[in-house]
Protein chains: 2
Amino acid sequence: MTQNRHISSLDRMLNPQSVAIIGASDDGSRLSGRPLRYIRKAGYAGRIYPVNPKRDVVQGLRSYRSIAELPEAPDVAIITISSKLVLTAVSECAEVGVGAIILFSSGFAESGEEGRIEQQKILGICHERGIRLLGPNCLGVFNSKIGFFGTFATSLDRSFPRSGNVAIVSQSGAFGQHVSYLMTLRGVGISYLITTGNEADVSLDDALSWAASQADIDVIALYVEGIRSGNGFVEAMELARRNKKRVVCMKVGSSATGSHAVSSHTAALAGDDAIFDCVLRQYGTHRVRTIEEMVDVTYACAMGRLPKSRRMGVITLSGGFGIHICDMAEISGLELPALGKDVQENLLKILPYASVSNPVDCTGQAVNELHALAGAMKLLLSEESIDGLFCYFGTVPLTEAGISKALRSAVLEGTRECHDKPIILCMLADQQELRSYEEAHLLVFEDPARAVTAMAAMAKLKESEQARDSAGLTLAKPLEIPRRPLSEYEASRILLEAGVPVVAQTCVATKIDCIDAAKRFGFPVVLKLVSAQLQHKSKIGGVILNIGDVAALTKAYDELWRRGSAVSDATIDGILVMPMAPPGIETIIGVIRDPIFGPTVMFGLGGVFVESLRDITLRRAPFGEEEANRMIREIAGYRLLEGTPGKASYDVTALANVLSRVSVFAAANADQIQSLDINPFVVWEVGKGGIALDALIVSGKNMTSEVGQVVPIPETAA
Amino acid sequence: MTQNRHISSLDRMLNPQSVAIIGASDDGSRLSGRPLRYIRKAGYAGRIYPVNPKRDVVQGLRSYRSIAELPEAPDVAIITISSKLVLTAVSECAEVGVGAIILFSSGFAESGEEGRIEQQKILGICHERGIRLLGPNCLGVFNSKIGFFGTFATSLDRSFPRSGNVAIVSQSGAFGQHVSYLMTLRGVGISYLITTGNEADVSLDDALSWAASQADIDVIALYVEGIRSGNGFVEAMELARRNKKRVVCMKVGSSATGSHAVSSHTAALAGDDAIFDCVLRQYGTHRVRTIEEMVDVTYACAMGRLPKSRRMGVITLSGGFGIHICDMAEISGLELPALGKDVQENLLKILPYASVSNPVDCTGQAVNELHALAGAMKLLLSEESIDGLFCYFGTVPLTEAGISKALRSAVLEGTRECHDKPIILCMLADQQELRSYEEAHLLVFEDPARAVTAMAAMAKLKESEQARDSAGLTLAKPLEIPRRPLSEYEASRILLEAGVPVVAQTCVATKIDCIDAAKRFGFPVVLKLVSAQLQHKSKIGGVILNIGDVAALTKAYDELWRRGSAVSDATIDGILVMPMAPPGIETIIGVIRDPIFGPTVMFGLGGVFVESLRDITLRRAPFGEEEANRMIREIAGYRLLEGTPGKASYDVTALANVLSRVSVFAAANADQIQSLDINPFVVWEVGKGGIALDALIVSGKNMTSEVGQVVPIPETAA
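As a convention, each chain's residues are numbered from 1 in the sequence order in which they are written. All chains are assigned letters beginning at A, and all ligands numbers beginning at 1, according to the order in which they are written. Local features are withheld for residues below a pLDDT of 70 in this predicted model, meaning they are given only at 70 or higher, and side-chain atom pairs are given and counted only at 80 or more; totals for whole chains, interfaces and linings count all residues.

## Quick notes on the overall build of chain A
Line of reasoning, step 1. To qualify as a helix, a DSSP run of H or I must reach at least 4 residues; to qualify as a strand, a run of E must reach at least 2; elements of each kind are numbered from the N terminus. Of the regular secondary structure elements, chain A holds 23 helices and 29 strands.
Line of reasoning, step 2. Each of the three principal axes of chain A carries a C-alpha extent, and together these read 100 × 80 × 40 Å.
Line of reasoning, step 3. The 718 residues of chain A split such that 57% are buried.
Line of reasoning, step 4. Note on contacts: residues are paired as contacts if their backbone-placed C-beta atoms lie within 7 Å. Long-range pairs, those at least 24 residues apart, make up 72% of the contacts in chain A between residues at least 6 apart in sequence. Put plainly, a residue is buried at 20 or more neighbouring C-beta atoms within 10 Å of its own, exposed at 12 or fewer, and partly exposed in between, counting only other residues' C-beta atoms, which are placed from the backbone.

Here is the structure:
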């Protein structure tokens, strides 16, 4: 509904020259009194109009008895009154010509049908008059650059965030203020907070798109419970990626209980978490799992130096902590390359007692030779094989007697010449001490494990920046797919048209044709029953493999007819003849239609990998071969494809090509395909490609049930 | 070496009446001046004797020119002088009759051969005189109960820990002081810190055993880089479990690079991390992966209320945070049971707008009705199905204007009657506010994810307390196992003696005997070459399966002889005849001899699970069936054994029995068995048991190489 409106329409809400507060309380500790108190305390320079029918003065400011009395049409009206009075207030705002409304009040769509209808009425007025509406049931917004705190966030009682290159966009007000407070404590500058609440008008996508369009924003902290439009969300993420904004996303509802709780909490659809997870990755958004991780990664990214690769150096005063950082780096996918001989020799010249592999352990002794420590840091930072540095200084900054000062001088000296690589100091120090390091563009973490997690997140964000997006893919014209149950033979022909290699096959109706076909293909062959109603043929013995000669063929032919006829309601279209394919690794390629994200491609290895281990990966269609390659590498069973010394490696390139083709086909025919199942797709050794051995397409919306079966949902999609 | 000395021999070191500081500096900021400064500042009431050849007064205290001048034999001598002077000082201490030595100085075993020899000399003196020696190269100890800070930990410049029910035992001084500082900030009371350094005499096991014997200690935070004696470490853990101490262990060196770094850092062996991990679990020690987790879990356990089960309740002011806690709980293995109808109805009476499933979402509105919130907490805490509670109050405690006070009253009211279940409040508040909750035995966490991790750790520690240990197992008399390569037939007979079900088999040397045997077993049968030199028979085609009749049998018999004869150097002892076993799930049971922990049993599923996914689990031998049951449930492939609706479930009970028997056999024959491989052990459906289909035992130390092969290390052990 809001997709076509230009995101700049939110400018008036976030950058207002004037603001009216409808229902402003004289008591600054009340929800309805907080925005006024905050705005004034923060020194907002715009015009402020409290509206309160009972008072002429509110919190010392001239107040208006009604909206109609306002001396101008304010850019924003903040509505804080009871839900029953909101509709009237919104009408009056519309009359006056306000630019945008921030609606705190709850009691709308989130509380039942009556509230939903009321919310629709309000939305109707706003749409008609071109007013952007935030909420209802939201915590509001802030723009700390101009001191506009249009929110009742109680954490502002403690401190206001300073402005900076971070924006927070959150569906939950509680979450928004929680992380805003933590980030402020951490010294992160936050220019904007937008909480979207019920999203009657302004959706999460709108808010994300707006934040992604702000030149002064580099990092967006995004909190999601559920989204309404897959397209809108993907477009917003694509915009952020194009504009080089780093999006750090926390999405709740991954657990069974949790995703149930989401639906009871908001009107939004939770979406399948596994698909959501893959989509975030696909469009370059970094998902975090905890609040702490969100704060850490945002803090690190806000510093602005992302590592060019995953290769890191470690320098430590304690061997144990060096090892700990190694351990965590391995888990996080970072690498600690061995140092060049030159560097090692130069390090030993400076610190003869140090262990100069990576991690470089200077031992506690280096505290007495801080100049040498600085030299070692310089050496490491000049190493080309390393794109980021961890330094462990532990409790040294806590020391009395000048040692902490001396450490600071040494560290600033050792890092002064480095202007691009991220440097993380792991140490315990007080706030003031930390800030002095941060001013020199150094990151400080108390906990080494958290430091590693943040560095790894930065490395992944950097990689995804470099990743090509799917914008370049062209979708072919949709195929004509009958809206009725399709046989395997029909499905195979459609796949062939889509450019997927499919095993040669002929559909025959007589024994003579069958023998002819088998001879043409060469024995051994496979016979299968062809029937649109029998989509899981093997369950009734509708597939006979490895038929070695004409005698066996005729026997098998008769047997299949017999088995097919035994199933009432199934029309047998004929018998499929195909050669036995050479063995390879069996994979499964599927397409499902996600209610949020549309056609989604699933990939996994056959057998226990998919059935028992649920070792699958997903991508929203369409995507290119590069993305398909990343996808293939995500499954645990990848090492089977990759091969090991002494074991074959398989044609991942061909597989990636097929996955991409399937995704393009699925996207082009999104309206026609309910699901698709290539099981197995056999992959042969490198250079030999692969082939689809079985295909099942469920088309259209009016699917009929399979004989004796429920509507076939691919097993592989679970 | 130190196993037989009674742990109480450390009492004098940790509870000294008198202390000498050898090399005490007048400058309290120097390493050699710190212990004296700390001890006096902390109000240590014992007798203090600085020893410094150059001064009569040190830091205002009378000082002694030499050790010989001391007026008494002090309980402890802290030696802070250069490594070259240490041997003489230790001799003098021995002359005087000191009880224990704490040796800070570095430059011993950790620095090379010369240092190692010097360390041995010092140790010799100490052993001879019965002096316990801590270090060298250690950070010392503290006993905060008596103000004895025999350490140079710089973090004490900031604050002294208060005494409490926590002890820290650490191989790394840096780690010890790092976590001691963080725990102190967190309000955790720490009575003892012991850092073991080079462990010339006092080992990690000794320190752990001592801490596990202190009546005033409930929780031990343990930091490990590597251990020397598996037995000593296991005994210490067993002692801790018997004495109901919770051990929270951080062990570094899990990564490839990290474990390499461990060996460069200390003299200790890193041990295989996967084995270490399983051993910790086996003996009820909780492993943490990060420092933060160590602090969190220690903090939570120190409160003293562990949940009786994994079933938790959640009450929240924000739906999103409720969902987040659900998500984290699922990952951590906690459960959120549905609430009873009664409770739900009663909750709705108090909070009609709340969502009363679990999590109970009171919404932000409840802040205005804190009495109702208190009532809801009471209701949840009285629920029998719930053994712990998470409460999310977010930023409310930050609020000005009395709301935070009112919240505190409500929470104290709501939890007052609960004396056993752990209650974690997730909220942002200042230190003083936090403490007021903690005084009421409530735990406070800023981050919900960390709260969940800590609760899950407590639940697991509680479970492992209830777990039976292996003390009750009796080992059978060792079998007589020849110290030479064994054939499959010999290995199978040994396994049978150990009580493992093995497929029926006969070793024949003539075709007639072969046919007889096959007829006795009934077709189809399997033939295998029997040769101690051919331990991987299938590689040379030494196994022929599924032989259906006499004709096929005679053909196979001849073929096997032909194949066997083609291998030079292999003595063929005969042909093994066995029936084809009914199909089931193939598992692998192995035994390896870990250099630290001795015989260790490995379990996994056959095929890709072990070979490609490395989906295995380990346990130190011996262990009982209960432990075996836990072990089986740890592998990812367990769901294949467990079965699903429509799929069979397999005889896990029988499997657990076999695993336990194998472990008992491996322990009883520890000196004789290098490795054992049952591959496959086939498990049948529930009630039908299972059977070993192949066995390989490598015995003794003087193994010869297999023909054309390297010494057979089981593939499964990687």
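Picking up where we left off.
## Some thoughts on the interface of chain B and chain A
Line of reasoning, step 1. If you look at the interface, chain B gives 61 residues, while chain A gives 61 residues.
Line of reasoning, step 2. Broken down by element, the residue count for the side of chain B that touches chain A peaks at nine residues, all from helix α11 (residues 319–332) of chain B.
Line of reasoning, step 3. Classifying every residue of the side of chain B that touches chain A by side-chain character gives 24 nonpolar, 26 polar and 11 charged. Under the scheme applied here, ten amino acids are nonpolar (Ala, Val, Leu, Ile, Met, Phe, Trp, Tyr, Cys and Pro), four are charged (Asp, Glu, Lys and Arg), and all others, including Gly, are polar.

## Describing the domain arrangement of chain A
Interfaces are often sized by the amount of accessible area the parts lose when they come together.
Line of reasoning, step 1. Segmentation of the chain into domains, including their bounds, is taken from an automatic or database domain assignment. Along its sequence, chain A is carved into domain 1 (7–302), domain 2 (313–466), domain 3 (504–579) and domain 4 (585–717).
Line of reasoning, step 2. For domain 3 of chain A and domain 4 of chain A, the distance between their C-alpha centroids amounts to 25 Å.

## Thoughts on helix α6 (residues 204–212) of chain B
All names here are of chain B.
Line of reasoning, step 1. Summarising burial for α6: nine of the nine residues are buried, a large majority.
Line of reasoning, step 2. Those residues of α6 not exposed but buried are Leu204, Asp205, Asp206, Ala207, Leu208, Ser209, Trp210, Ala211 and Ala212.
Line of reasoning, step 3. Turning to α6, the residues buried within the fold contact β10 (166–170), β11 (190–195), β12 (219–224) and α7 (230–242).

## Quick notes on the sheet that holds strand β7 (residues 132–134) of chain B
All names here are of chain B.
Line of reasoning, step 1. The five strands lie next to each other as β2-β1-β5-β6-β7, forming an open sheet whose pairing is parallel. Pairing within the sheet leaves two strands with one partner each, and these edge strands are β2 (47–51) and β7. For this sheet the average axis-to-axis angle between neighbouring strands, irrespective of direction, equals 15 degrees. Pairing between strands is defined by DSSP: at least two bridges between them are needed. Axis definition: a line fitted to C-alpha atoms, over the contacting stretch in the case of helices. Angles run 0 to 180 degrees between N-to-C directions.

## Examining the relation of the copies chain B and chain A
Line of reasoning, step 1. With an axial shift of 0.0 Å and an RMSD of 0.1 Å, the rotation relating chain B to chain A amounts to 180 degrees. Such a combination of rotation and displacement between the chain copies is what one expects of a two-fold axis. Superposing copies: least-squares fit, C-alpha atoms only, residues required to have pLDDT of at least 70 in both.

## Describing the environment of Leu14 of chain A
Residues and elements named next belong to chain A.
Line of reasoning, step 1. Of note, Leu14 is situated in helix α1 (residues 11–14).
Line of reasoning, step 2. Under the C-beta neighbour-count criterion, Leu14 is labelled buried, with 26 such atoms within 10 Å.
Line of reasoning, step 3. For the pair Leu14 and Glu238, spaced 224 residues apart in sequence, the C-alpha to C-alpha distance is 22 Å.
Line of reasoning, step 4. Apart from the residues lying within four places of it in its own chain, the contact partners of Leu14 are Val141, Asn143 and Tyr192.

## So, the pairing of strand β15 (residues 313–316) of chain A
Residue and element names in this part refer to chain A.
Line of reasoning, step 1. Side chains Gly313 and Ile315 of β15 all project onto a buried face; the interleaved residues Val314 and Thr316 project onto the opposite face, where all are buried too.
Line of reasoning, step 2. Note: β15 against strand β17 (residues 389–394), four bridges, orientation parallel. Bridged to Ile315 within β17 is Cys391.

## Section: the confidence of the model for chain A
All names here are of chain A.
Line of reasoning, step 1. For every residue, the pLDDT score states the predictor's confidence, bounded by 0 at the bottom and 100 at the top. Of the residues in chain A, 93% reach a pLDDT of 70 or more, and the chain-wide mean stands at 90.
Line of reasoning, step 2. Across residues 265–270, confidence stays below pLDDT 50; counting only partners more than four residues off in sequence or on other chains, it has 25 contacts.
Line of reasoning, step 3. Note on residues 702–718: pLDDT under 50 across the span, and 37 contacts to partners over four residues away in sequence or across chains.
Line of reasoning, step 4. Both confidence scores are given for the complex: pTM 0.92, ipTM 0.91.

## Quick word on the sheet that holds strand β14 (residues 286–288) of chain A
Residues and elements named next belong to chain A.
Line of reasoning, step 1. Spatially, β9-β8-β11-β10-β12-β13-β14 is the arrangement adopted by the seven strands of the open sheet, whose pairing is mixed. For this open sheet the edge positions go to β9 (148–151) and β14, each flanked by a neighbour on one side alone. On average, adjacent strands in this sheet sit at an angle of 15 degrees to one another, irrespective of strand direction.
Line of reasoning, step 2. Two elements, strand β8 (residues 140–143) and strand β11 (residues 190–195), share three bridges in a ladder whose sense is antiparallel. Residue Val141 lies in a different strand from β11, and its bridge partner there is Ile194.
Line of reasoning, step 3. Relative to the sheet, helix α5 (residues 173–185) contacts β10 (166–170), β11 and β12 (219–224), its axis offset from that of β11 by approximately 165 degrees.
Line of reasoning, step 4. The strands touched by helix α10 (residues 291–302) within the sheet are β10, β12, β13 (246–251) and β14, with β13 carrying the most contacts at an inclination of about 180 degrees.

## Structural notes on the nonpolar core
Line of reasoning, step 1. We define the nonpolar core as any set of buried residues of the types Ala, Val, Leu, Ile, Met, Phe, Trp, Tyr and Cys, connected via C-beta atoms lying within 7 Å of each other. With 449 residues, the main nonpolar core has Ile101, Ile220 and Leu425 of chain A together with Ile101, Ile220 and Leu425 of chain B as its most contacted residues.
Line of reasoning, step 2. In contact with Leu425 of chain B, not counting residues within four places along its chain, are Cys391, Phe393, Val411, Tyr437, Leu442, Leu443 and Val444 of chain B.
Line of reasoning, step 3. Counting residues in each nonpolar core, the second largest holds 23 residues, with Cys514, Leu560, Ile575 and Met578 of chain A among its members.

## A word on the packing of helix α6 (residues 204–212) of chain A against helix α7 (residues 230–242) of chain A
Two quantities define a packed helix pair, namely the angle between the axes and the distance from one axis to the other.
Residue and element names in this part refer to chain A.
Line of reasoning, step 1. Running from amino to carboxyl end, α6 crosses α7 at an angle of 10 degrees, the nearest separation of the two axes being 9 Å. Relative to α7, the element α6 lies roughly parallel. In contact with Asp205, Leu208, Ser209 and Ala212 of α6, α7 contributes Gly232, Phe233, Ala236, Leu239 and Ala240.
Line of reasoning, step 2. Considering only residue class, the contact of α6 with α7 consists of six nonpolar, two polar and one charged. Roughly parallel covers angles under 35 degrees, roughly antiparallel covers those over 145, roughly perpendicular covers 65 to 115, and oblique covers all other angles.

## So, the environment of Asp11 of chain B
Residue and element names in this part refer to chain B.
Line of reasoning, step 1. Turning to its location among the elements, Asp11 is positioned in helix α1 (residues 11–14).
Line of reasoning, step 2. A tally of 17 C-beta atoms within 10 Å means that Asp11 is categorised as partly exposed.
Line of reasoning, step 3. For the pair Asp11 and Val577, spaced 566 residues apart in the sequence, the C-alpha separation amounts to 65 Å.

## Here's the deal with unusual backbone geometry
Line of reasoning, step 1. The residue after Phe523 of chain A, namely Pro524 of chain A, is reached through a cis peptide bond having omega -5 degrees.
Line of reasoning, step 2. With respect to the element layout, Pro524 of chain A can be found in the loop between α18 (511–521) and β21 (525–530).
Line of reasoning, step 3. A cis amide bond links Asn679 of chain B with the next residue in sequence, Pro680 of chain B, at an omega value of 5 degrees.
Line of reasoning, step 4. Within the secondary structure, Pro680 of chain B sits in strand β27 (residues 673–683).
Line of reasoning, step 5. With a phi angle near 60 degrees, Lys244 of chain B is a residue other than glycine that sits in the positive phi range.
Line of reasoning, step 6. Tracing the sequence through the fold places Lys244 of chain B in the loop between α7 and β13 (246–251).
Line of reasoning, step 7. Lys244 of chain B gets classed as exposed once you count the C-beta atoms within 10 Å, which come to 9.

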